[in-house]
Amino acid sequence: MNAPDELKYSKDHEWVKVEGGSAVVGITDFAQQQLTDVVFVEMPEVGAAAEAGKPIAAVESVKAVSDVYAPVSGEIIEVNDALRDAPELINTDPYGEGWIFKLKMSDPSAAAALMNAEQYKEHAASESH
Amino acid sequence: MAKIVIVGLGAGGFAALLAARKTDRNAEIVVIDRKDYDLMHPCGIPYAVEGAIGSIDNLKHDLNMKAMRVAHYKNYIADSINLAEKTVRAHSAFSGDEEFFAYDKLIISTGSTPLVPPVEGLEGLLGKGAFTVATPEDASRLRAAARATGKALVIGAGAIGLETASALSDMGCEVVVVEMLGGVFPRALDPDMAAILQQYLEEKKISLRLGSSVQAVRGSSQVEEAVVDGEAVPCSILVVGAGVRPNSSIAADAGLNVSRFGIVTNEKMLSSDSSVYAVGDCAESFDLIRKKPCWMPLSTIAYRQGTIAGANAAGADESFKGVVGAFVSKVGEMEIAAVGLTSQAAVDAGFDPVFGKLKDLTRPDWYPNGREITIKVIADKSTRKILGAQAAGSGAAWRVNVVSAAISSGMTLEQLSDVELAYCPPVSQTYDCLSKAVDLAIRKIK
Ligand SMILES: Cc1cc2nc3c(=O)[nH]c(=O)nc-3n(C[C@H](O)[C@H](O)[C@H](O)COP(=O)(O)OP(=O)(O)OC[C@H]3O[C@@H](n4cnc5c(N)ncnc54)[C@H](O)[C@@H]3O)c2cc1C
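(A) Quick peek at the overall build of chain A. Along the backbone of chain A there are four helices and nine strands. Computed over C-alpha atoms, the radius of gyration of chain A comes to 13 Å, within 12% of the 14 Å expected from 2.2 N^0.38 for 129 residues, which places it in the range of a compact globule. With the C-alpha coordinates aligned to their principal axes, the bounding extent of chain A is approximately 35 × 30 × 20 Å. Split into buried and exposed, the 129 residues of chain A put 49% on the buried side. Counted over contacts in chain A with a minimum sequence separation of 6, partners at least 24 positions apart contribute 62%. Of the roughly 6,300 Å² of accessible surface on chain A, a fraction of 47% belongs to carbon and sulfur atoms. The positive charge centre, built from 9 side chains, and the negative charge centre, built from 23, are 4 Å apart in chain A.

(B) Structural view of the site of the ligand. Residues and elements named next belong to chain B. Taken together, 26 residues surround the ligand, and among them G12, D33, K35, A78 and D281 come closest. A11 has a polar backbone atom sitting 3.2 Å from an oxygen atom of the ligand. Within the backbone of A78, one N or O atom sits 2.9 Å away from a nitrogen atom of the ligand. Within the complex, 86% of the 990 Å² of free accessible area of the ligand lies under protein. For the shell around the ligand, the secondary-structure elements that each account for two or more residues are α1 (11-23), β6 (76-82) and α8 (299-313). The residue inventory of the shell around the ligand, partitioned by class, reads 13 nonpolar, nine polar and four charged.

(C) How the structure looks around helix α4 (residues 117-127) of chain A. All names here are of chain A. Among the residues making up α4, those that are buried are A117, Y120, H123 and A124. Down the axis of α4, the buried set is contained in an arc of 120°. They therefore lie on one face. Residues of α4 that are exposed and point over 90 degrees away from its buried face: E118 and E122. Buried residues along α4 sit in contact with β1 (8-9) and α1 (29-35). The N-capping residue of α4, defined by a side-chain oxygen 3.1 Å from the backbone nitrogen of E118, is N116.

(D) The arrangement of the nonpolar core in detail. Residue and element names in this part refer to chain B. Core analysis: the largest hydrophobic core is formed by 41 residues, its most contacted members being L162, L168, V175, F185, L197 and I237. Residue contributions to this core peak at five residues, all from helix α6 (residues 191-203). Summarising the domain contributions, this core has at least three residues from each of domain 2 (122-242) and domain 3 (333-444). Apart from the residues within four sequence positions on either side, I237 is in contact with G129, F131, L142, A145, A146, T149, K151, A152, L153 and C173. By size, the runner-up hydrophobic cluster in this structure holds 37 residues, among which are L288, A379, V403 and L434.

(E) Layout of the sheet that holds strand β5 (residues 49-50) of chain A. All names here are of chain A. In spatial order, the strands read β1-β2-β3-β9-β8-β5; together these six strands make up an open sheet with antiparallel pairing. At either end of the open sheet lies a strand with only one pairing partner, and these are β1 and β5. The pairing of strand β3 (residues 22-27) with strand β9 (residues 101-105) spans four bridges and is antiparallel. Pairing of V24 across the sheet is with K102, part of β9.

(F) Representation of the interface of chain A and chain B in the model. The partner chain B presents nine residues to the nine residues of chain A that form the contact. Taken together, both faces of the contact between chain A and chain B bury some 820 Å²; the carbon and sulfur share is 53%. Three residues, F40(A), V62(A) and D85(A), lead the burial of chain A against chain B; their summed loss comes to 51% of the area buried on that side. Counting the contacts that link chain A with chain B gives four salt bridges. R443(B) is paired through a salt bridge with E60(A); the nearest N and O atoms lie 2.5 Å apart. At the boundary of chain A and chain B, one finds five residue pairs in polar contact (both at pLDDT 80 or more). Here the side of chain A that touches chain B takes three residues from strand β4 (residues 38-42) of chain A, the largest share from any one element. A class-by-class count of the residues in the side of chain A that touches chain B yields three nonpolar, no polar and six charged.

(G) Fine view of a negative patch on the surface. Among the surface-exposed residues, D5(A), E6(A), E118(A) and E122(A) lie close enough to one another that they form a single negatively charged patch. Relative to the assigned elements, E6(A) resides in the segment before β1.

(H) Molecular detail of the pattern of salt bridges. Applying the stated criterion across every chain yields a total of 28 salt bridges over all chains. Between K102(A) and E19(A) there is a salt bridge; the shortest N-O distance is 3.6 Å. Of this pair, K102(A) sits in strand β9 while E19(A) sits in strand β2 (residues 14-19), and the two are 83 residues apart along the sequence. In this structure, the salt-bridge partner of K444(B) is D85(A), at a minimum N-O distance of 2.8 Å.

(I) How the structure looks around the domain arrangement of chain B. Taken domain by domain, chain B comprises domain 1 (3-36 + 74-112 + 245-313), domain 2 (122-242) and domain 3 (333-444). Between the C-alpha centres of domain 1 of chain B and domain 3 of chain B the distance comes to 36 Å.

(J) Just the environment of K105(B), in detail. Residue and element names in this part refer to chain B. Mapped onto the secondary structure, K105 falls in strand β9 (residues 105-108). Along the chain, K105 and L210 lie 105 residues apart, while their C-alpha atoms are 47 Å from each other. Ignoring sequence-local partners within four residues, the contact set of K105 consists of K3, I4, V5, S274, S275, Y277 and A313.

(K) Fine view of the environment of A326(B). All names here are of chain B. Residue position: A326 is located in the loop between α8 and β25 (327-331). Taking the C-alpha atoms as reference points, A326 and G388, separated by 62 residues in sequence, lie 9.4 Å from one another. Beyond its immediate chain neighbours, meaning those up to four positions away, A326 contacts L298, A338, V339, N401 and S404.

(L) Representation of the packing of aromatic side chains within the structure. Residues and elements named next belong to chain B. One pass over the full model with this rule turns up eight aromatic pairs over all chains. Relative to Y76, the ring of Y73 lies with its centre 5.4 Å away and its plane at 85°, an arrangement referred to as edge-to-face. On the numbers, 5.2 Å between centres and 70° between planes, the contact of F185 with F327 is edge-to-face. Of this pair, F185 sits in the loop between β13 (174-179) and α6 while F327 sits in strand β25; the two residues are 142 residues apart in sequence, bridging distant segments of the chain. The burial state of F185 is the same as that of F327; both residues are buried. Joined through ring pairs, the aromatic side chains of Y73, Y76 and F101 make up one cluster. Cation over ring: K376 sits above F355, and NZ or CZ is 4.3 Å from the ring centre.

The rules behind these values
Residues numbered from 1 in each chain as written. Chains lettered and ligands numbered in written order. Predicted model: local features only at pLDDT ≥ 70, side-chain atom pairs only at ≥ 80, totals over all residues. Heavy atoms only, no water. Helix = DSSP H or I, 4+ residues; strand = E, 2+ residues; numbered from the N terminus. Rg over C-alpha atoms; globule rule 2.2 N^0.38 Å. Buried < 20%, exposed > 50% of the residue type's maximum accessible area, 1.4 Å probe, protein only. Contact = heavy atoms within 4.5 Å. Areas by Shrake-Rupley, 256 points an atom, 1.4 Å probe, with all protein chains shown as cover. Lys, Arg positive; Asp, Glu negative; His and termini not counted. Charge placed at Lys NZ, Arg CZ, Asp CG, Glu CD. Near = heavy atom within 4 Å. Polar contact = N/O pair within 3.5 Å; in protein donor to acceptor, adjacent residues only side chain to side chain. Nonpolar A, V, L, I, M, F, W, Y, C, P; charged D, E, K, R; others polar. Arc of directions from axis to C-beta. Core = buried A, V, L, I, M, F, W, Y, C linked by side-chain atoms within 4.5 Å. Domains from an automatic or database assignment. Pairing = 2+ DSSP bridges. Buried area = accessible area lost by both parts, 1.4 Å probe. Salt bridge = Lys/Arg side-chain N within 4 Å of Asp/Glu carboxyl O. Patch = residues over 30% accessible without salt bridge, like charges linked within 9 Å, V, L, I, M, F, W, Y side chains within 5 Å. Phe/Tyr/Trp six-rings, centres within 6.5 Å; stacked < 30°, edge-to-face > 60°. Lys NZ or Arg CZ within 6 Å of the ring centre and 35° of its normal.

Encoded structure:
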């Protein structure tokens, strides 16, 4: 299972990359594989308030619509516009060009509570059974 | 009794002849054509090279001219038209004898000629390993050459070039396709859709050189190599698939209005002379999306224009609305279809395009042997009108044909989304990929 060490993970299969006071968020490789080909991404508005554990975006494949939860609370400061015309980036590069949004964390220490790569791999493995 | 003269018996001339006879049982109909047989099917040539239609002579087709009471002058070449006297001057290819044909109504359906690009050495090697793809004779010679030799280079990645490349490859030739523009079917496909066919060609071991051009063709008595971007590429067959040009000089010389798209026509298919019609590859068409003249050398369009002109020449009053460019090609096993504008063409025409696109299976995933298809539907953001569609894979054509109907009737995304598509598992899905693509485009605008 591909889960880079430098990222943090939520139980809902989002990854978080902490950059100072902000966090870049996407869905994990495991999550994109479960979804199959992504055809549409419903993105939050810039400026929207994200509440940890609450849905903030949605990723759709031909057969499923999945919520993307905010792994930490904060304010959306950027969304990945490239996903509008190329939602398949989530499949081809989930941890890179397939990032979904960036938020300014209300509590920058909150990310520390998320899983590390090792813990996430175990979590995902238990879900795939 | 009306006297109708038709110059050129291809798709357009044939349709005109049928329509004229249906409209007026008594009209006197004269057909002049330079071939020594009746009809020929150019669209079958690449497939004939590959052997798909049996004998190459199956491309030729005889008509019952006697039953239709048509005076058919085979082997006659039309040389000039006198609009004031209403006559066509033609000569026999055998005797050279000249003859004048008087008309009340004239239909010009002289088709097009392959464009031979000004590449150093090419002209002199035509017929000596270098071929255009336009006649059954071309097909025979290409087939013989492909059997005898192993390396072919094709200029142009349009339908003629790619269909021929695939035929030669299936016959065991090593094939290189050289295209000046950045992708295959550059006028019909967006780069992302072209990439699907490009990958298929790669798998088929047909090598593509995009954004490249042939500077010279060399050989002492036969083609031996082509120079591509300064590099010598050995080949014994060179196929010219660089497009076609309208055969409109006979009309221009007579004083009819001719644009860069061919003979200028109105919606009655009339030229600038009220007794002369022009149809098919030699004539201009009207682009229904951009609302301006265009040129679309397709058999389907030639036939439909011919039907209108033939009927009108015999006394009817029918109109040809225009074209949206519905197109399909089969390159090896890959069916690839398109209609309307590409995303770039839409931007160039002043639209604000949005698209819905996905890759799907032609059958439900629980039903075996579904085939892959990728479809893209393009619309204008502000008016929501459908502008185009492209599809690659099994069933590409029928889906694009539905979009063709939507475009010509001015439908919006929402109206196309409402169209019911028939379903049963071995044929399609409950929610077909065409509807899915349309709905994705709608969601993107919301
Ligand atoms: C290899 C190839 C593949 C193609 N594949 C497709 C396809 O898959 N789908 C599609 O829609 N279209 C296809 N086309 C295009 C299609 O063949 C043309 O659009 C169609 O034939 C045009 O019909 P037309 O009647 O205008 O001209 P033509 O069919 O070319 O007929 C013109 C006729 O006029 C005669 N003529 C010309 N000048 C004179 C003269 N001065 N005197 C006497 N006779 C004259 C010619 O001999 C010819 O018989 C293909 C074309 C080629 C070459």
